[in-house]
Amino acid sequence: MSYVIGLDFGSLSCRGVLADVCNGHIAASAEAAYPNEILTEQLPDGTPLCANWCLQHPEDYLSVLDVILPKLCGKNEISPQEIVGLGVDFTASTVIPLDANFHPMCFTYPSRPHAWPKLWKHHGAQAQADKLTLLCKELEPDYLTRYGGKVSCEALIPKVLQVYEEDPALFRETHCFVEAMDYVTSLLCGKKVFSSSAAAAKAMFRSETGYPGEEFFTAISPDLKNLPKEKLMARFDDYTIASPGQKVGELCSEMAERFGLPEGIAISAPQMDAYAAMPGIGIAKPGVMMMVIGTSTGIMLLSEERKNVEGVTACLPDTYYPGFWGYASGQASVGDTFGWFVDRCVPENYIQAARSRGMNLHQYLSDLSASLQPGESGLLALDWLGGNRSCLVNPNLSGMILGLTLQTKPEEIYRSLLEATAFGARIITEAYRNAGAAVEEIWVCGGIANKNPLMMQIYADVLNLPLHVSSCTQAPALGAAVYAAAAAGIGDIVEMAEIMGDRLCTVYEPNPAHRDIYDRLFAEYQKLHDYFGKGENSVMERLKSIAGKAKNPDMKI
């Protein structure tokens, strides 16, 4: 018997699984929350943060493994000697500034915000992303076709430029900027390793040609002429870059002793969290769209050829599997949106009613919402409370609920938010199809997918396709384990995805009686989407700017 470990580092916690390489059976699982959560208002020492900032504490990444890894081996009679591989997936782009000893800069400068890791949803680098988009149009137009026409502020290079512009002294002292997934994997291996998948998707790196040339970075600033060689992974002479599923090293003696695991376990190149879910649920062919629904939603697709899809975050070769083009897009706020409403907008009598029934508010509001017919509330929402990732690529957009009256009930608003996220997913689905990328099946996984049947039925109705909801509650972690099995030499990544991927699912069929009304509501959604999102009325961005300056008159917004 042989087993592999998959570690899924999310926004608030890390999940780990121990999986059998013969069939993907999860023999043990464990989870640990980050002790410091997400830093959005202030640093641990009280230093205030600007608007749109999201930071993490790098100590959390290993402290959660102190909890998870012993539990994985301690919950059963499996010998640690039977563990042959380990793989990591991580949110991206989560960027850590490091010193020459590969230590986070925030350990030296705890009061400097730019010394801390910037989480994927840190949106403070939008100005830098806008500059890069304009520069790419002039010097690297083909780059933009691979990234939906815009550089995202969630990517690595904009975050690095933000440090350069706003804290130049820290920038000069920083030895390198790396993805958190590469940082953690390097610590596990005891040597510097990097994911080609993350570099390509988030750092303007191409396996064929590397980073853009000196002309590009000089155009940003002459100081940045040699940015890749001076501040990115190219500065290391001894680094390893590989695709997920390739072996990049072995568990080093220091980490083996710390976590009670055998030295020499094969380590896979890390993968981005949403991407890792694809082998986790056994998707290994074109035409199958995967949705990973959680606080945000990742929407992924495979194709045998390249298509220019509007607003994708990435369209890259060999991203998920060798020989396939991998597309990625998504929605910035899904579970976050429902959480916002439940935490801030529900009256006390609803809270008491849910409690008396032994239900949480999401369950209670979903039950009430299920009794409503599509369109009955007269409400229509835009799902941009966290900005728009695809297809508009604009984090400065904001949410909206249209049609409110004095008679509007909480459950009606809740349902309109569920429907809004489904409409946002349909925008992305149609962008794929309009570009000629087939969408023939839809598979769904993630924390919300198995908890809210009403939401899944709404998605099936709005998208007008059967929705296959995976029973696997740890798809990214299982995917990381699949990559680990490939790295251990058990089989190639496609074979291991077919053997280990969890294909058990619940199927939601679209309700034909709802198709007409949802088509009509989607047409109205699309009008609002284009009106507020494509420049005809930029009021959302203006309001956000006014609010930011009112709250922080002396800070950059």
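The following refers to the structure shown.

Definitions and limits used
Residues numbered from 1 in each chain as written. Predicted model: local features only at pLDDT ≥ 70, side-chain atom pairs only at ≥ 80, totals over all residues. Heavy atoms only, no water. Helix = DSSP H or I, 4+ residues; strand = E, 2+ residues; numbered from the N terminus. Rg over C-alpha atoms; globule rule 2.2 N^0.38 Å. Buried < 20%, exposed > 50% of the residue type's maximum accessible area, 1.4 Å probe, protein only. Contact = heavy atoms within 4.5 Å. Polar contact = N/O pair within 3.5 Å; in protein donor to acceptor, adjacent residues only side chain to side chain. Salt bridge = Lys/Arg side-chain N within 4 Å of Asp/Glu carboxyl O. Axes fitted to C-alpha atoms, helices over the stretch in contact; angles between N-to-C directions. Parallel < 35°, antiparallel > 145°, perpendicular 65-115°, else oblique. Pairing = 2+ DSSP bridges.

Regarding the overall build of the protein chain
- The helix and strand inventory of the protein chain stands at 20 helices and 20 strands.
- Taking 557 residues into account, the globule formula puts the C-alpha radius of gyration at 24 Å, and the protein chain, at 23 Å, falls close to it.
- C-alpha extents for the protein chain along the principal axes are approximately 65 × 55 × 50 Å.
- Burial statistics for the protein chain: of 557 residues in total, 60% are counted as buried.
- Contacts in the protein chain between residues far apart in sequence, at least 24 positions, make up 72% of those at least 6 positions apart.

Description of the side chain of arginine 206
- Structurally, arginine 206 can be placed in the loop between α7 (196-202) and α8 (214-220).
- Of note is the side chain of arginine 206, whose polar atom sits 3.3 Å from the side chain of aspartate 142.
- In this structure, arginine 206 is in contact with Glu140, Asp142, Tyr143 and Arg146, ignoring residues within four places of it in sequence.

Regarding the pattern of salt bridges
- Overall, the coordinates contain 22 salt bridges when judged by the stated rule.
- A salt bridge links arginine 306 to aspartate 142; the nearest nitrogen and oxygen atoms lie 3.0 Å apart. Pair noted here: arginine 306 is in the loop between β13 (297-303) and β14 (314-317) and aspartate 142 is in helix α3 (residues 141-145), with a separation of 164 residues, a long-range link.
- You can call arginine 306 partly exposed: its relative accessible area is 27%.
- Its relative accessible area of 31% is what places aspartate 142 among the partly exposed residues.

Things to note about the side chain of threonine 337
- The residue threonine 337 is located in helix α12 (residues 335-344) in this model.
- The buried category is assigned to threonine 337, whose relative accessible area is 1%.
- Among the polar contacts made by the side chain of threonine 337, one reaches the side chain of serine 333 at a distance of 2.6 Å.
- When residues no more than four places from it in sequence are discounted, the contact partners of threonine 337 are Leu385 and Leu417.

A few points about the packing of helix α13 (residues 348-356) against helix α14 (residues 361-370)
- At their nearest, the axes of α13 and α14 sit 9 Å apart, and the two run at 100° to each other. Comparing the axis directions of α13 and α14 gives the class roughly perpendicular. Contact with α13, carried on its side by Tyr350, Ile351, Ala353 and Ala354, involves Leu361, Tyr364, Leu365 and Leu368 of α14 and no other residues of that element.

Brief notes about helix α11 (residues 273-280)
- Counting buried positions along α11 gives 7 out of 8 residues, so the element sits mostly inside the fold.
- Of the positions making up α11, those classed as buried are Ala274, Tyr275, Ala276, Ala277, Met278, Pro279 and Gly280.
- Just past α11, the residue glycine 282 takes up positive phi, approximately 75°.

A look at the sheet that holds strand β20 (residues 505-508)
- The strand order across the open sheet formed by 7 strands is β14-β15-β13-β12-β18-β19-β20, and the pairing between neighbours is mixed. Each edge of the sheet is formed by a strand with only one pairing partner; in this case those strands are β14 and β20. Between one strand and the next, the sheet's axes are offset by a mean angle of 20°, whatever the strand orientation.
- Note: β14 against strand β15 (residues 325-331), 4 bridges, orientation antiparallel. Counterpart to leucine 316 in the pairing with β15 is glycine 326.

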